[in-house]
Amino acid sequence: MKVVLFCGGYGMRMRNGAADDVPKPMAMVGPRPLIWHVMRYYAHFGHTEFILCLGYGAAHIKNFFLNYQETISNDFVLRNGQAELLSTDIADWTITFVQTGIESPIGERLRRVRPYLDGDEMFLANYADVLSDVPLPDMIERFSNSDSGASMMVVPPQSSFHCVEMDEGGKVGSITAVSEMPLWENGGYFVLRPEVFDHIPENGDLVADGCGELAKRGRLLAYPYRGFWKPTDTVKERAALDYAYSHGDRPWALWERAAASIA
């Protein structure tokens with residue numbers, strides 16, 4: 001299936017100042033940018049046709065792939081000054097780069113790449129700023145076996161805050177961690193049918209408009225997941241992922257586990 005990646009936002013909370021024009025998906029996690037890790041995850045499951053919804057900082061993303069160096073993440077033999085790769089990662093990928101506007105909301109970005117989906121019965125979508133080890137084949141199968149118009153992964157709230165229950169006099173009855181409450185939030189991994197386009201107006205939003213209307217009609221399927229899921233909304237969160245990567249703690253890198261099992 002084709003994979004639509006939304007990678008055109010400003011990512012203001014990830015920036016180091018006004019001079020920093022690197023889009024959030026290009027923030028580094030180990031030797032590769034965040035967007036590469038997301039794409040490598042999908043490619044691990046055989047989904048290698050990508051449509052990038054570009055916007056702010058598009059040149060950074062284009063230049064990364066136009067000048068891609070396979071030797072950074074693959075073993076190779078240097079013979080007579082020429083690198084002979086022992087493995088590759090993006091050689092079989094097809095990447096469509098589409099400028100979808102600087103200020104466009106997610107729903108509008110999706111609308112603008114619709115012609116590149118070739119009328120497929122189903123397709124995948126992702127914010128390109130979240131890493132997870134969610135079992136994608138299972139998520140796809142559940143959706144495929146349903147008659148829903150869209151499916152979204154949902155995860156427990158990630159906030160470290162606590163909710164306080166109190167009476168009218170201000171006396172506290174209980175304190176509960178947000179993560180322990182019976183709540184779920186959007187995890188950013190979607191499986192969609194073209195039906196979703198029927199509910200996204202011009203300059204609309206994928207979740208509030210598209211998924212919201214499908215939910216009202218009983219046609220939105222949730223995929224609850226309590227496994228590894230990490231956002232990169234802030235510099236602190238990105239730094240934590242980078243630290244984990246450098247210390248060999250990268251559960252999202254399912255392709256590395258597969259390679260280790262073969263070896």
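The text that follows walks through the structure, step by step, so that each part is easy to find. (Residues numbered from 1 in each chain as written. Predicted model: local features only at pLDDT ≥ 70, side-chain atom pairs only at ≥ 80, totals over all residues. Heavy atoms only, no water.)

1. Structural notes on the overall build of the protein
Across its full length, the protein holds seven helices and 15 strands. Against the 2.2 N^0.38 benchmark of 18 Å for 263 residues, the protein shows a C-alpha radius of gyration of 20 Å, consistent with a compact globule. Taking the principal axes of the C-alpha coordinates as reference, the protein spans close to 80 × 45 × 45 Å. For the protein, with 263 residues in total, the buried portion stands at 45%. Counting 24 positive and 34 negative side-chain charges, the protein places the centres of these two groups 1 Å from one another. (Helix = DSSP H or I, 4+ residues; strand = E, 2+ residues; numbered from the N terminus. Rg over C-alpha atoms; globule rule 2.2 N^0.38 Å. Buried < 20%, exposed > 50% of the residue type's maximum accessible area, 1.4 Å probe, protein only. Lys, Arg positive; Asp, Glu negative; His and termini not counted. Charge placed at Lys NZ, Arg CZ, Asp CG, Glu CD.)

2. Description of helix H5 (residues 206-216)
Restricting attention to buried positions, one finds in H5 the residues Leu206, Gly210, Cys211 and Leu214. Buried positions in H5, seen along its axis, are confined to an arc of 80° and lie on one side of it. Exposed residues lying more than 90 degrees from the buried face of H5 are Ala208 and Lys216. Buried residues belonging to H5 abut strand S1 (2-7), helix H3 (106-112), strand S10 (150-155), strand S13 (185-192) and strand S14 (220-224). Where H5 begins, one side-chain oxygen reaches toward the backbone nitrogen of Val207, 3.0 Å away; that side chain belongs to Asp205. Immediately beyond the C-terminal end of H5, within one or two residues, lies Gly218, with a positive phi of roughly 70°. (Arc of directions from axis to C-beta. Contact = heavy atoms within 4.5 Å. Polar contact = N/O pair within 3.5 Å; in protein donor to acceptor, adjacent residues only side chain to side chain.)

3. Observations regarding the side chain of His199
Mapped onto the elements, His199 comes out in the loop between S13 and H5. A relative accessible area of 14% means that His199 is categorised as buried. Every residue in contact with His199, bar those within four places of it in the chain, is listed here: Asp209, Gly210, Glu213, Leu214 and Arg217.

4. Things to note about the pairing of strand S6 (residues 82-85)
Relative to S6, strand S5 (residues 76-79) runs antiparallel, the two sharing four bridges. Paired with Phe76 across the two strands is Leu85, which belongs to S6. (Pairing = 2+ DSSP bridges.)

5. So, the pattern of salt bridges
Under the criterion given, the structure shown has 14 salt bridges. The partner of Arg79 in a salt bridge is Glu84, and the shortest N-O contact between them spans 2.8 Å. Where Arg219 meets Asp147, a salt bridge forms, and the shortest distance between an N and an O atom there is 3.9 Å. Taken together, the positions of Arg219 in the loop between H5 and S14 and Asp147 in the loop between helix H4 (136-144) and S10 put the pair 72 residues apart, joining distant regions of the chain. Relative accessible area serves as the criterion here: at 23%, Arg219 is assigned to the partly exposed category. A single network of salt bridges, built from pairs that share partners, joins Lys2, Glu49, Asp118 and Asp120. (Salt bridge = Lys/Arg side-chain N within 4 Å of Asp/Glu carboxyl O.)

6. As for the packing of aromatic side chains
Applying the stated criterion across every chain yields a total of 15 aromatic pairs. Following the ring pairs from residue to residue traces out a cluster consisting of Tyr41, Tyr42, Phe45 and Tyr189. Above the plane of the ring of Tyr245 lies Arg250, whose end atom (NZ or CZ) is 4.0 Å from the centre. (Phe/Tyr/Trp six-rings, centres within 6.5 Å; stacked < 30°, edge-to-face > 60°. Lys NZ or Arg CZ within 6 Å of the ring centre and 35° of its normal.)

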